[in-house]
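Spelled out from the first residue to the last, the chains are:
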Amino acid sequence: QVQLVESGGGLVQAGDSLRLSCAASGLTFGSYDMAWYRQDPGQEREFVSAITYNADKAYYADSVKGRFSISRDNAKNTVYLQMNSLKLEDAGVYICAAAVSPTYVRGIAYGMDYWGKGTQVAVSP
């Protein structure tokens, strides 16, 4: 049974930093591309960032380029999202996803196989 468990969310002030983690189990982690998405209530899920299975490529939404950084530790079956200079509009539920062969279109990952339940990020002025 595949599980993706996110952690690290919380309430921060605009300009602060947060580091999210996603621990994976039940899959061969080193064979999966990993991604982060963000979802607000009543809104569609929005792509944030992705990293290939061997970390040779990383992809970012335009809105987070230069502020967010994705990384992975295959020995720990964990993917991270370092979020710096947080803005009010970065708030939402951050969801981790995994796929063996996602499709990348204009730098956005599609076709994820597994999803976590998410961790809440709130940003105050």
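Residues numbered from 1 in each chain as written. Predicted model: local features only at pLDDT ≥ 70, side-chain atom pairs only at ≥ 80, totals over all residues. Heavy atoms only, no water.

Caption draft 1: View of the state of the cysteines. Across all of its chains, the model carries 1 disulfide by this definition. With its sulfur 2.1 Å from that of its partner, Cys22 forms a disulfide with Cys96. Because the torsion about its S-S bond is -80°, the bridge between Cys22 and Cys96 counts as left-handed. With a gap of 74 residues between them, Cys22 in strand E3 (residues 18-25) and Cys96 in strand E9 (residues 92-99) connect regions that are remote in the sequence. Note on accessibility: Cys22 and Cys96 belong to one class, buried. (Disulfide = S-S within 2.5 Å. Helix = DSSP H or I, 4+ residues; strand = E, 2+ residues; numbered from the N terminus. Buried < 20%, exposed > 50% of the residue type's maximum accessible area, 1.4 Å probe, protein only.)

Caption draft 2: Seen up close, the environment of Ala24. Residue position: Ala24 is located in strand E3. For Ala24, a relative accessible area of 7% gives the class buried. Sequence-wise, Ala24 and Met34 are 10 residues apart; in three dimensions their C-alpha atoms are separated by 9.9 Å. Excluding residues that lie within four positions of it along the chain, Ala24 makes contacts with Gln3, Leu4, Phe29 and Asn77. (Contact = heavy atoms within 4.5 Å.)

Caption draft 3: Representation of the sheet that holds strand E8 (residues 78-83) in the model. Pairing within the open sheet is antiparallel, and its 4 strands lie in the order E1-E3-E8-E7. A strand with exactly one partner marks an edge of an open sheet, and here the two such strands are strand E1 (3-7) and strand E7 (68-73). With direction set aside, neighbouring strand axes in the sheet form an average angle of 15°. For E3 and E8, the ladder comprises 6 bridges, and the chain directions are antiparallel. Each residue of the ladder has a partner; that of Leu20, found in E8, is Leu81. (Pairing = 2+ DSSP bridges. Axes fitted to C-alpha atoms, helices over the stretch in contact; angles between N-to-C directions.)

Caption draft 4: Seen up close, the side chain of Asp33. On the secondary structure map, Asp33 appears in strand E4 (residues 33-39). The side chain of Asp33 is buried and forms no salt bridge, while Arg72, the nearest opposite charge, is found at 5.3 Å. A distance of 2.8 Å separates the side chain of Asp33 from the backbone nitrogen of Tyr53, its partner in a polar contact. At a separation of 2.7 Å, a polar atom in the side chain of Asp33 contacts the side chain of Tyr104. (Lys, Arg positive; Asp, Glu negative; His and termini not counted. Salt bridge = Lys/Arg side-chain N within 4 Å of Asp/Glu carboxyl O. Polar contact = N/O pair within 3.5 Å; in protein donor to acceptor, adjacent residues only side chain to side chain.)

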